[in-house]
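Reading the structure
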Amino acid sequence: MIRKAVFPAAGFGTRFLPVTKASPKEMLPLVDKPLIQHGVEEARASGIRDMIIVTGRGKNAIEDHFDVSFELEAMLAKKGDRKLHSLVRSISDMGDFFYVRQNLPLGLGHAVLRTMDMVGEEPFAVILSDDVIDSKVPVLRQMYGIIEGRKIGKGVYEIVDMVEKPKPEKAPSDLAIIGRYILPPSIFPALQAIKPGAGGELQLTDAIRALLSEERVLGYEFEGVRYDAGTKLGFLMANISFALKDPEIGPLLREFLRKERIS
Ligand code: UTP
């Protein structure tokens, strides 16, 4: 039912400087896969085919990553390394990739607005790949349950209000919005109508908030663990957690942590 996913990836990643000065934050590795590949795999596992990536200056590595690397594939084929060859090929086969530039990072809402023509008149998903989620069932797939009307009840909230980056004492609840959305096409006129909000940026949250008076907006408490890999600490925690589960390096890492009396 949902055919398209939008991946905003045009931000400056200032919380990760200096590594993000010339390299995209979305290409930082989670063990051995870039963050954005995890997001694309989640979309694919949820049945999505069209991957729309919003990029900007200094983000060419993302396009190269999802493109066919002819030289690399030819070299691996020549060496007879079938395993690595199919691993490399599988990345460009993950979907149909479309790119749109956001010339200036004017906010997440602005990045999503840039995809209006590509998305057209259909509901679509938005994935922020620096929100890493460890879950049995991909979160987007869990969310489909709500739109199909199967899950009204446990873990589903009818949203009455939402605030972008509230001060803790002003937060209306202890539930937070994270980087997975399924949005209707009516979000685009809402994005065109809002003014810059928190941090002087066009905020997606403000546009969703504007929809509240016109349509029902649901929130879903997903099953899984979320890491904010857009921060150094969250990124390291995600890496340690995923690495410990990796069959190749997990046992050795565990031993190392034990020896160093870290765990
Ligand atoms: P973040 O706020 O986490 O990313 O936005 P950022 O702005 O790059 O990082 P900091 O805050 O400076 O450290 C979440 C996602 O939205 C994208 C980012 O690339 C990131 O993947 N984004 C953000 C855009 O595409 N455009 C924007 O104008 C802002």
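In what follows, the accompanying structure is described. All values reported here derive from a predicted model rather than from experimental measurement. (Residues numbered from 1 in each chain as written. Predicted model: local features only at pLDDT ≥ 70, side-chain atom pairs only at ≥ 80, totals over all residues. Heavy atoms only, no water.)

**Here we look at the site of the ligand**
Neighbouring residues of the ligand: 17 residues in total, closest Gly13, Thr14, Glu26, Gln102 and Gly107. Here Gly13 contributes a backbone N or O atom positioned 2.8 Å from an oxygen atom of the ligand. Contacts to the ligand include Leu106, whose backbone N or O atom sits 3.3 Å from an oxygen atom. Protein burial of the ligand: of its 560 Å² of free accessible surface, 86% is covered by the chains. Classifying every residue of the shell around the ligand by side-chain character gives eight nonpolar, five polar and four charged. (Near = heavy atom within 4 Å. Polar contact = N/O pair within 3.5 Å; in protein donor to acceptor, adjacent residues only side chain to side chain. Areas by Shrake-Rupley, 256 points an atom, 1.4 Å probe, with all protein chains shown as cover. Nonpolar A, V, L, I, M, F, W, Y, C, P; charged D, E, K, R; others polar.)

**Structural notes on helix H4 (residues 82-92)**
For H4, the set of buried residues is Val88, Ile91 and Ser92. Viewed along the axis of H4, the buried residues span an arc of 105 degrees, placing them on a single side of the element. Those residues of H4 that are exposed and aimed more than 90 degrees away from the buried face are Arg82 and Lys83. Buried-residue contacts for H4 involve helix H1 (35-45), helix H2 (60-65), helix H3 (70-79) and strand S5 (96-101). (Buried < 20%, exposed > 50% of the residue type's maximum accessible area, 1.4 Å probe, protein only. Helix = DSSP H or I, 4+ residues; strand = E, 2+ residues; numbered from the N terminus. Arc of directions from axis to C-beta. Contact = heavy atoms within 4.5 Å.)

**Things to note about the layout of surface pockets**
There is about 270 Å³ of room inside the second largest pocket. Residue lining of the second largest pocket: 16 residues in total, with His38, Glu41, Glu42, Ile133 and Phe242 positioned closest to the centre. Those elements giving two or more residues to the lining of the second largest pocket turn out to be H1 and strand S7 (131-134). For the lining of the second largest pocket, the element with the most residues is H1, which contributes five residues. (1 Å grid on protein atoms, 1.4 Å probe; cavity = no way out; pocket = protein on both sides within 12 Å on 5 of 7 lines; lining within 4 Å. Points joined across faces, edges and corners; volume = space filled by probe spheres on them.)

**A short note on unusual backbone geometry**
Here the bond from Leu17 into Pro18 is cis, since omega is 10 degrees, no more than 30 degrees from zero. Mapping Pro18 onto the fold places it in the loop between strand S1 (4-8) and strand S2 (29-30). Despite not being glycine, Val31 has its phi angle at roughly 55 degrees, a positive value. Within the secondary structure, Val31 sits in the loop between S2 and strand S3 (33-34). On the accessibility criterion, Val31 (27% relative accessible area) is partly exposed.

**Details of the pairing of S1**
With five of five residues buried, S1 lies mostly within the body of the structure. Side chains of S1 alternate between two faces, with Lys4, Val6 and Pro8 and Ala5 and Phe7 buried alike. Of the strand pairs in this sheet, S1 and strand S4 (residues 50-55) are connected by five bridges, and their pairing is parallel. By the bridge assignment for S4, Phe7 is matched with Ile53. Note: S1 against strand S6 (residues 124-127), two bridges, orientation parallel. Following the sheet pairing, Val6 is matched in S6 by Val126. (Pairing = 2+ DSSP bridges.)

**What to know about the environment of Pro8**
Along the polypeptide, Pro8 turns up in strand S1. For Pro8, a relative accessible area of 12% gives the class buried. Sequence separation of Pro8 and Tyr220 is 212 residues, and the distance between their C-alpha atoms is 21 Å. Not counting the four nearest positions on each side in its chain, Pro8 is found in contact with Glu26, Val54, Leu108, Ala111, Val112, Val126, Ile127 and Leu128.

**Some points on the packing of aromatic side chains**
Per the counting criterion, the structure on display carries three aromatic pairs. Between the aromatic rings of Phe16 and Phe235, the centroid separation amounts to 5.3 Å while the plane-to-plane angle is 85 degrees, which identifies the pairing as edge-to-face. In this pair, Phe16 sits in the loop between S1 and S2 while Phe235 sits in helix H10 (residues 232-245), placing the two residues 219 residues apart along the sequence. This pair shows no difference in class: Phe16 is buried, exactly as Phe235 is. Plain terms: the ring middles of Phe124 and Phe188 are 5.2 Å apart, the flat faces sit at 10 degrees to each other, and that makes the pair stacked. You can see Phe124 sitting in strand S6 and its partner Phe188 sitting in helix H8 (residues 187-193), a full 64 residues away along the chain. (Phe/Tyr/Trp six-rings, centres within 6.5 Å; stacked < 30°, edge-to-face > 60°.)

By themselves, these figures tell us nothing about what the structure is for.
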